[in-house]
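What follows is each chain in one-letter form.
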Amino acid sequence: AYKGVPELDEFRGWVRGDQKSLRIDIDDGPLHLGFPDQFGHTWDYNAASGSVTFWFEPGYLGLRGHDLVVSYGDTRAIGGLAFSGPRDPTERRLAILGVVDGMHFVDAKKYLPKTLSLTLGSWLRSSLVAGRLDEGVFVYHGHNRVHRDSPVPRVELTARVTDGEVSYHPDWPIAEAVDGR
């Protein structure tokens, strides 16, 4: 990975481009993906498909990922993303929509970004003991950098939990057999 560009390996598909664009079509094979600047883990998928298109010119980078599907073990996720990156960093915007089924808590922890506060990240890593997430939805829409004059980004995270075990606090008993939304 170089300057925040994702690490991509072991994929089948096509890469094509010209002076102002690049398109990657992933053709339903295994995929190794990593964002070393943003996450502490890389991900190995049994199958992945979709396409990502980059547009670039002096002072601008755009990106759109659509029909993205990844799976490993019991987990299947679908989604898309868009990034608009003009030269002014305060005007850069990001939109992400992802839906996941069959993800165990132990795997979900691998998707926690490094940018989480130390307290929240530590609590999530230690408190989510066991369980499974289904009908999980993650939505983000907003500026990459929040500043005083920018609108508040929209962030939404929902999921149905099955057979959850959560350790809310070391002095409390572990909540077991947690089922719900």
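Preceding block: the structure.
Numbers given to residues run from 1 along each chain, matching the order in which its sequence is written. Whole-chain, interface and lining totals are the exception, using all residues; otherwise, since this is a predicted model, local features are given only for residues with pLDDT of at least 70 and side-chain atom pairs are given and counted only at 80 or more. With hydrogens and water excluded, all non-hydrogen atoms of the structure serve as input to the side-chain values.

Asks: Could you give an account of the nonpolar core, naming the residues involved and the relevant values?
Replies: Put simply, buried Ala, Val, Leu, Ile, Met, Phe, Trp, Tyr and Cys residues joined by side-chain atoms within 4.5 Å make one nonpolar core. The classification of residues rests on relative accessible area computed with a 1.4 Å probe and restricted to protein chains. Under 20% of the type maximum is buried, over 50% is exposed, and intermediate values are partly exposed. In terms of nonpolar packing, the biggest core is built from 23 residues, with Y45 and L133 touching the most fellow members. Secondary structure elements are defined from DSSP: runs of H or I of at least 4 residues count as helices, runs of E of at least 2 residues count as strands, and each element is numbered from the N terminus. Only β3 (21-34), β4 (42-57), β5 (60-72), β6 (75-86), α1 (105-108) and β10 (154-166) provide two or more residues apiece to this core. When sequence neighbours within four positions are dropped, the list of residues in contact with Y45 reads P30, L31, L33, V70, S71, Y72 and Y111. Whether two residues are in contact is decided by their heavy atoms, any of which lying within 4.5 Å being enough.

Asks: Report on the pattern of salt bridges, specifying residues and quantitative values.
Replies: Basic side-chain nitrogens of Lys or Arg form a salt bridge, by our definition, when they fall within 4 Å of a carboxyl oxygen of Asp or Glu. Counted under the stated rule, the structure contains 8 salt bridges. The partner of D25 in a salt bridge is R23, and the shortest N-O contact between them spans 2.9 Å. For R160, the salt bridge identified is with E135, shortest N-O distance 3.3 Å. With R160 in strand β10 and E135 in strand β9 (residues 128-143), the pair connects residues that are 25 residues apart, well separated along the chain. Looking at R160, the relative accessible area reads 32%, which means it is partly exposed. The exposure class of E135 is partly exposed, given its relative accessible area of 37%. Taken together, the shared-partner salt bridges connect R16, R23 and D25 into one network.

Asks: Summarise the packing of aromatic side chains; cite the residues concerned and give the values.
Replies: When two rings of Phe, Tyr or Trp (its six-membered ring) have centres within 6.5 Å they constitute a pair, described as stacked for plane angles under 30 degrees, edge-to-face for angles over 60, and tilted for the intermediate range. All told, the structure shown has 6 aromatic pairs when counted by the stated rule. Here F39 and W43 contribute two aromatic rings whose centre-to-centre distance is 5.1 Å and whose plane-to-plane angle is 65°, an arrangement assigned as edge-to-face. Just as F39 is buried, W43 falls in that class too. Between the aromatic rings of Y45 and Y72, the centroid separation amounts to 5.7 Å while the plane-to-plane angle is 50°, which identifies the pairing as tilted. Of the two residues, Y45 is situated in strand β4 and Y72 in strand β5; the sequence distance between them amounts to 27 residues. In terms of burial, Y45 and Y72 fall into one category: buried.

Asks: Explain a nonpolar patch on the surface to me, using residue names and the numbers behind them.
Replies: Patch membership needs two things, relative accessible area over 30% and no salt bridge, and members are linked within 9 Å if like-charged or within 5 Å if nonpolar (Val, Leu, Ile, Met, Phe, Trp, Tyr). The Shrake-Rupley method, run with a 1.4 Å probe, gives the accessible areas here. Residue values count only the displayed protein chains as cover. There is a patch of nonpolar side chains on the surface, built from L120, W123, Y168 and W172 and spanning about 440 Å² of accessible area. With respect to the helices, strands and loops of the structure, Y168 is situated in the loop between β10 and β11 (175-180). Given the relative accessible area of 44%, Y168 is considered partly exposed.

Asks: Residues and numbers for the pairing of strand β7 (residues 93-101), please.
Replies: Note that β6 and β7 share 9 bridges and pair antiparallel. The residue of β7 that forms the bridge with I78 is V99. Here, a strand pair is defined by DSSP locating no fewer than two bridges between the strands. Count of turn residues in the β6/β7 antiparallel hairpin: 6 residues. Pairing between β7 and β9: 8 bridges, direction antiparallel. Residue pairing across strands places A95 opposite H141, the latter belonging to β9.

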